Amino acid sequence: MRLDKYLKVSRLIKRRTVANEACDAEKVNVNGKPARASYDVKVGDTIEINMGKTPLKIKVLKVVEVVGKDGASDLYEVV
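Residues numbered from 1 in each chain as written. Predicted model: local features only at pLDDT ≥ 70, side-chain atom pairs only at ≥ 80, totals over all residues. Heavy atoms only, no water.

## What to know about the pattern of salt bridges
Part 1 of the reasoning: Taken as a whole and judged by the stated rule, the model has three salt bridges.
Part 2 of the reasoning: Its salt-bridge partner being D4, residue R2 comes within 3.1 Å of it at the nearest N-O pair.
Part 3 of the reasoning: Looking at R2, the relative accessible area reads 34%, which means it is partly exposed.
Part 4 of the reasoning: Since its relative accessible area comes to 2%, D4 is described here as buried.
Part 5 of the reasoning: We note a salt bridge from R16 to D4, for which the minimum N-O separation is 3.3 Å. Of this pair, R16 sits in helix α2 (residues 16–24) while D4 sits in helix α1 (residues 3–9), and the two are 12 residues apart along the sequence.
Part 6 of the reasoning: By relative accessible area, which is 33% here, R16 ends up partly exposed.
Part 7 of the reasoning: One salt-bridge network, in which partners are shared between bridges, spans R2, D4 and R16. (Salt bridge = Lys/Arg side-chain N within 4 Å of Asp/Glu carboxyl O. Buried < 20%, exposed > 50% of the residue type's maximum accessible area, 1.4 Å probe, protein only. Helix = DSSP H or I, 4+ residues; strand = E, 2+ residues; numbered from the N terminus.)

Take a look at the structure:
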């Protein structure tokens, strides 16, 4: 799954276009490197989002295409 879509599905970023813009501005790192929106997210990846005051660092636990609001937090673990 593309990084921008994963960020939207997991509800870490509200809209896919905002996720895409964050990737273009190098505010999203995967495994310590700036990542493009087209990066293919895999289980075990570490994603760091540097938007706002405090950076958010998560570890990918699951990658699914569709998930409900309640199951979104099961896709990742905050590190």
